[in-house]
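Residue-level structural notes
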Amino acid sequence: MVKQKLVLRFPSTLVEQPVIYHLVKDYDLMVNILRADINPKKEGRLMLELSGGEADYRRALDWLQAQGLTVMNLKQQITWNEGRCTHCGACSVICPSGALILSRPEMTVHFDEAKCVVCELCLKACPARAMETLLENAK
Amino acid sequence: MGVQRTYEEINAKIKSGQAVVLTAEEVIGLVEEKGIAEAAASVDVVTTGTFGPMCSSGVFLNFGHPQPRIKMNEVYLNGVPAYSGVAAVDAYLGATAIPLSDPGNRNYPGAFNYGGGHVIEALVAGREIRLEASSYGTDCYPLKKIETVFRLSEINEATLFNPRNAYQNYNVAVNRGDKTIYTYMGILKPRLGNANYSSAGQLSPLLNDPLLKTIGIGTRIFLGGGIGYVAWHGTQHNPGVERGDNGVPRYPAGTLAVIGDLKQMQPRWLRGLSFLGYGVTLQVGLGIPIPILSEEIMAYCAVNDDAILAPVVDYSRSYPYREGGNLGLVSYAQLKSGEISVNGTRVPTAPLSSYAGAREIAATLKEWIRAGKFTLAVPAAPLPSVEAGITFKTLPQRHPEEGGF
């Protein structure tokens, strides 16, 4: 069994393809959509969690890439620049997934990449701008 | 009566490396265990700290004269305007200043990515700063325009002067409205979605000397990672608010104006901040040593988060429209637990002031004192306290032509 959070980027020519349908029907994967940003004739972005058999998962990734989609690991999409973080904790009530937490009683901020759903709310909620993204169309 | 100490005695112990110094957090446990009398007998100094956003901050700069000389009329530092209505090459850069090109809240909520606070951080970090200045030209100051770059070490003076820092207690901000609001207290989600607070509580300088019995004009402090001084009471200083039996104010009360040489400070403790939909500010690291002159002073320093209360204020109506009132008082112990109860609703809390930073500042100041590098300054004059009878003023809105006097 594989369980992996991914970001799929669609070129504008591919946004109308029924990608999820093929992932389920042809590769027997379970799909949990975390966030989708798909608009007609524009580059699209889909964040999802895929789970299924190892071989099916590998074949599905090959197929996605063959279709012209860019596949990235969701974990690395939002990064915590610890040097900029002042450990104020303002992010901790804004982050909806519990990825950014204020540990008590230390009162220090921690970022758990695995829980991040790339909602990007932290990017501007952090006064010190310690949360960063590699996604071009973020902001 | 108990133990009595003078500043001179404490400083003699500091210089001989024998002073006993504890942070305001460490002393709580000592007093609980040994009692006030014994704690006062054994401890010479208690150190405090706070590391929060402090908008009323800024730096006086003197750039030196170019050749020919200039009387700067408009000054921009990395595009951020500085006030130049002082002498020729003097200016004051405020923490909340934003570039003229910043769209503000026209694209609501504005991002406010860069401003005075960030320029101050860049200055302290020794980074190159772009200076643009213009003038109308005079016989003595003929140059009309200059564009150049400089670093902090190349100018005559950079004096951090913050008219209001170290608020003694502060509001807990909530939003009772139906839409998210963007405030200097951070993002407040609708229908009591979160409660934001901004005080170090038991570590905060003025909460450990609630009646200002030791902190006065000339008190030497930790400021921005270097050494600074208390210059005056801060703006909006309001010692007359309601207090608990422990002397601790239940509402925002005293404030400090502080001063220090920016050239010996550290960027780690002066950080430019961007508050979504509100603006730019500076996060200031500040710590004050409190001399244990008597048991009374030790009792104040032993205050803990359970004994410090703050009002919960609605920033959707009550604060902006000055309607007054609050939604009850909560303790910093409750706030730091991560959840408070407001009118029966459980509300998650978040700080804006870094408690981890406050703790590190208090520990750093303790080390400076223990190492004999930092002695205590005897205040030249006290700050106004409760007996000063200060009444807090608001601004009347009169039609200038009606007069009314």
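Residues numbered from 1 in each chain as written. Chains lettered and ligands numbered in written order. Predicted model: local features only at pLDDT ≥ 70, side-chain atom pairs only at ≥ 80, totals over all residues. Heavy atoms only, no water.

**A look at the side chain of Asn165 of chain B**
Residues and elements named next belong to chain B. With respect to the helices, strands and loops of the structure, Asn165 is situated in strand S10 (residues 157-165). Its relative accessible area of 1% is what places Asn165 among the buried residues. From its side chain, Asn165 meets the backbone oxygen of Ser56 in a polar contact 3.5 Å long. Not counting chain neighbours up to four residues away, the residues in contact with Asn165 comprise Met54, Ser56, Ser57, Thr255, Leu256, Val258, Val284 and Leu286. (Helix = DSSP H or I, 4+ residues; strand = E, 2+ residues; numbered from the N terminus. Buried < 20%, exposed > 50% of the residue type's maximum accessible area, 1.4 Å probe, protein only. Polar contact = N/O pair within 3.5 Å; in protein donor to acceptor, adjacent residues only side chain to side chain. Contact = heavy atoms within 4.5 Å.)

**Description of the interface of chain B and chain A**
Contacts between the two partners involve 30 residues from chain B, matched on the other side by 23 residues from chain A. Here chain B packs against chain A, burying approximately 1,800 Å² in sum over the two surfaces, 53% of which is carbon and sulfur. If you look at where chain B meets chain A, you find one salt bridge. Scanning the region where chain B abuts chain A turns up 13 residue pairs in polar contact (both at pLDDT 80 or more). (Buried area = accessible area lost by both parts, 1.4 Å probe. Salt bridge = Lys/Arg side-chain N within 4 Å of Asp/Glu carboxyl O.)

**Focus: the pairing of strand S2 (residues 30-37) of chain A**
Moving residue by residue along a regular strand, the side chains alternate between the two faces of the sheet. Residue and element names in this part refer to chain A. In this sheet, strand S3 (residues 44-52) lies alongside S2 in antiparallel orientation, the contact comprising seven bridges. Considered in S3, the bridge of Arg35 is made with Met47. Here S2 folds back onto S3 in antiparallel fashion, the turn holding six residues, of which Lys41 has a positive phi close to 65 degrees. (Pairing = 2+ DSSP bridges.)

**Here we look at the layout of surface pockets**
Empty space within the largest pocket amounts to approximately 1,200 Å³. The wall of the largest pocket is formed by 42 residues, among which Tyr167, Tyr170, Asn171, Tyr184 and Tyr319 of chain B lie closest to the centre. If you list the elements that add at least two residues to the lining of the largest pocket, you get strand S3 (50-53), S10 and strand S22 (309-314) of chain B. In terms of residue count, S3 of chain B provides more of the lining of the largest pocket than any other element does, three residues in total. Taken as a whole, the second largest pocket spans an internal volume of roughly 310 Å³. Along the walls of the second largest pocket sit 15 residues, with Cys119, Glu120, Leu121 and Lys124 of chain A together with Leu276 of chain B positioned nearest its centre. Here the lining of the second largest pocket gets four residues from one element, more than from any other, and that element is helix H3 (residues 121-125) of chain A. Here the lining of the second largest pocket is built from residues that sort into nine nonpolar, one polar and five charged. (1 Å grid on protein atoms, 1.4 Å probe; cavity = no way out; pocket = protein on both sides within 12 Å on 5 of 7 lines; lining within 4 Å. Points joined across faces, edges and corners; volume = space filled by probe spheres on them. Nonpolar A, V, L, I, M, F, W, Y, C, P; charged D, E, K, R; others polar.)

**Observations concerning the sheet that holds strand S4 (residues 70-73) of chain A**
Hydrogen bonding along the main chain pairs the strands of a sheet, whether they run parallel or antiparallel. Residues and elements named next belong to chain A. If you walk across this open sheet you meet the four strands as S2-S3-S1-S4, and the pairing is antiparallel. The sheet is open, and its two borders are formed by S2 and S4, each paired with just one other strand. Neighbour to neighbour, the strand axes of the sheet diverge by 25 degrees on average, direction disregarded. Here strand S1 (residues 2-10) runs beside S3; their pairing, made up of nine bridges, is antiparallel. The residue of S3 that forms the bridge with Leu8 is Leu46. The sheet contacts of helix H2 (residues 54-66) involve S1, S3 and S4, and relative to S1 the element is tilted by about 5 degrees. (Axes fitted to C-alpha atoms, helices over the stretch in contact; angles between N-to-C directions.)

**Considerations on the environment of Arg250 of chain B**
Residue and element names in this part refer to chain B. With respect to the helices and strands, the residue Arg250 is situated in the loop between strand S17 (226-233) and strand S18 (256-261). Taking the C-alpha atoms as reference points, Arg250 and Gln168, 82 residues apart in sequence, are found 9.4 Å from one another. For Arg250, the contacting residues outside a window of four places in its chain are Asn169, Glu242, Arg243, Gly244, Leu309, Ala310, Pro311 and Leu329.

**Section: the sheet that holds strand S1 (residues 21-23) of chain B**
All names here are of chain B. Reading across the sheet, the three strands line up as S1-S2-S21 and stay open at both edges, with mixed pairing between neighbours. In the strand order of this sheet, the two ends are held by S1 and strand S21 (289-291), each with one partner. Adjacent strand axes in the sheet meet at a mean angle of 25 degrees when their direction is disregarded. Bridge count for strand S2 (residues 45-47) against S21 is three bridges, and the pairing is antiparallel. The residue of S21 that forms the bridge with Thr47 is Pro289. Helix H7 (residues 355-370) rests against S1, S2 and S21 of the sheet, and its axis sits at about 175 degrees to S1.

**Re the domain arrangement of chain A**
Residues and elements named next belong to chain A. We note that the domain assignment places domain 1 (2-75) and domain 2 (78-133) within chain A. The gap between the C-alpha centroids of domain 1 and domain 2 is 27 Å. On the domain 2 side, the residues contacting the seven residues of domain 1 number nine residues. Between domain 1 and domain 2, the buried area comes to about 660 Å², and carbon and sulfur atoms account for 46% of it. (Domains from an automatic or database assignment.)

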